[in-house]
Amino acid sequence: RTQQSNLKKLLYFINKRQNYLSKSLYMIEQGKYDRNILKNNLIIGKQTMDSIRHKVEDMMITQQKLLKNRQKEYELTMNYTPLLIYLTLITTLILITIAFIKMNRDLVLLKITINTLSVANEASNLAEIVGGFGSWQLNFETNTYTFSDNEYRLLGCEPQSFVASLEAYLNFIHPEDLEYVIENTKSILTDNDLAPFTYRIIRKDGEIRHFRTLGRTVTIASGDKTFIGTTSDVTEEVYAQKFIEDRNRELESNNKELTAFNYIASHDLQEPLRKIETFLSRLVSKDYDNLSKAGQQYVSSIQSSANRMRILIQDLLQFSRTNKAEKVFEEADLNSLLENSKQELAQIIEDKKALIENNEL
């Protein structure tokens, strides 16, 4: 600022010197001038010139002082500069070392993560092959599909043999189930879950298989939403279910026929039994006393057998009327059941001369 002020003053003196010099030269050129005025102008010019010299000297002295101060500052700066450079270099090396260590750790962690993901991916692929299912993904942001390798295999194609898309997958759907599949997959864009449903597909080799698909929407680490679905080959399950249903219908029909047969047979068996019981009753009432003891014993055995046969027919008729297979358990005396069995097999036991021994049951 001092030099700026000196410079303004110097400019003022220079302009003043030039003005008086111009006036003096003009008067001399005219030839007619007042010597006193000319002398006065020359004196003022000389004084002004002296002021210019003094001002220039002052500026030079001031500039030398400034240069000395700046030289000192420069020398001071130069003394600290190597230290600053060394400190900066050391700091940079420390930061680079820290960054390298962190990057190395991140790389190790990344390598471990990649290895884990690779193993998990291979395990998932193996599980899909063993379990007979495939997986697929729909990225809502890009509207692109991704099929797993086994998803292609389920369709009878080589893995990644065509670009995964909904249109490409619909080409494998059975024509009769196409509208059904399209209607069910519409909910993917509005609902978070895709309810499981079964449909038919036609593989690349022409074989018809039954598939079941389900899925749900998940939010990944980046915040994007992705729909993850699975497709299972349930052909054997469908065939087994159909076989069971056919067998159940067949058994139900057989049961109905058996029930009708039992009902009719029970009624038909009661008629000859009634005649046997009628003739026995007449025989007992009229000729029982005329029979020998052996004959009377035979008649008693016939009556007992006829009575058991009636009970058996009634039980069979009652069983044929039972519609539900509800089992009611109750305690029973096994000794009584054994004696009943002996009576039923009495003739065979006598013919074979069998001997049945038993402890108390």
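Counting restarts for each chain, with residues numbered from 1 along the sequence as it is written. For a predicted model such as this one, the threshold for reporting local features is a pLDDT of at least 70, and the threshold for listing and counting side-chain atom pairs is 80 or more; totals across whole chains, interfaces and linings nevertheless cover every residue. Processing note: side-chain calculations cover all non-hydrogen atoms of the structure and skip hydrogens and water entirely.

Would you explain the nonpolar core in this entry?
Among soluble globular proteins, nonpolar side chains are generally buried collectively. Note on terminology: a nonpolar core comprises buried Ala, Val, Leu, Ile, Met, Phe, Trp, Tyr and Cys residues joined through side-chain atoms within 4.5 Å. Exposure is judged per residue with a 1.4 Å probe applied to protein chains only, and the accessible area is read against the type maximum: over 50% gives exposed, under 20% gives buried, and values in between give partly exposed. Counting 21 residues, the largest nonpolar core has Phe147, Leu155, Tyr169, Ile173, Tyr199 and Phe211 as its most contacted members. Within the residue set of this core, elements represented by two or more residues are strand S1 (133–139), strand S2 (144–147), helix H3 (149–154), helix H4 (166–170) and strand S3 (193–202). Contact partners of Tyr169, with chain neighbours within four places excluded, come to Phe147, Glu151, Leu155, Tyr199, Phe211 and Thr231. Helix and strand definitions here come from DSSP, where helices need a minimum of 4 consecutive H or I residues and strands a minimum of 2 consecutive E residues; each element is numbered from the N-terminal end. Only heavy atoms enter the contact rule, under which two residues are in contact if any of them lie within 4.5 Å.

Looking at this structure, I do not really get the pairing of S3. What am I missing?
Walk down a regular strand and you will see the side chains alternate between the two sheet faces. Any two strands between which DSSP finds at least two bridges are classified as paired. As paired strands, S3 and strand S4 (residues 208–219) are joined by 8 bridges and run antiparallel to one another. Each residue of the ladder has a partner; that of Ile202, found in S4, is Ile208. Connecting S3 to the next strand, S4, in antiparallel fashion are 5 residues, including Gly206 with a positive phi near 95°.

Can you walk me through the environment of Asn171 in this structure?
Position of Asn171 among the secondary structure elements: in the loop between H4 and helix H5 (178–185). Since its relative accessible area comes to 64%, Asn171 is described here as exposed. With 31 residues separating them in the primary sequence, Asn171 and Ile202 have C-alpha atoms 8.7 Å apart.

I'm lost on the packing of aromatic side chains in this one. Help?
Any pair of aromatic rings gets described here by the distance separating the centres and the angle formed by the planes. Pairs were defined over the aromatic rings of Phe, Tyr and Trp, the Trp ring being its six-membered one, requiring ring centres within 6.5 Å. Orientation was assigned from the angle between planes: stacked under 30 degrees, edge-to-face over 60, tilted for the rest. With the rule as written, the count across this model stands at 10 aromatic pairs. Between the aromatic rings of Trp136 and Phe227, the centroid separation amounts to 5.7 Å while the plane-to-plane angle is 25°, which identifies the pairing as stacked. Here Trp136, found in strand S1, pairs with Phe227, found in strand S5 (residues 225–233); they are 91 residues apart in sequence, far enough to count as distant. The same class applies to Trp136 and to Phe227, which are both buried. It is Lys23 that lies over the ring of Tyr20; its NZ or CZ is 5.0 Å from the centre. The rule is short: NZ of Lys or CZ of Arg within 6 Å of the ring centre and within 35 degrees of the ring normal puts a charge over the ring.

Where do I start with unusual backbone geometry in this structure?
A negative phi angle characterises most non-glycine residues, just as the trans form characterises most peptide bonds. Despite not being glycine, Gln160 has its phi angle at roughly 60°, a positive value. Tracing the sequence through the fold places Gln160 in the loop between H3 and H4. Relative accessible area serves as the criterion here: at 47%, Gln160 is assigned to the partly exposed category. In this structure, Lys353 takes a positive phi of about 55° despite not being glycine. Mapped onto the secondary structure, Lys353 falls in the segment after helix H9 (346–352).

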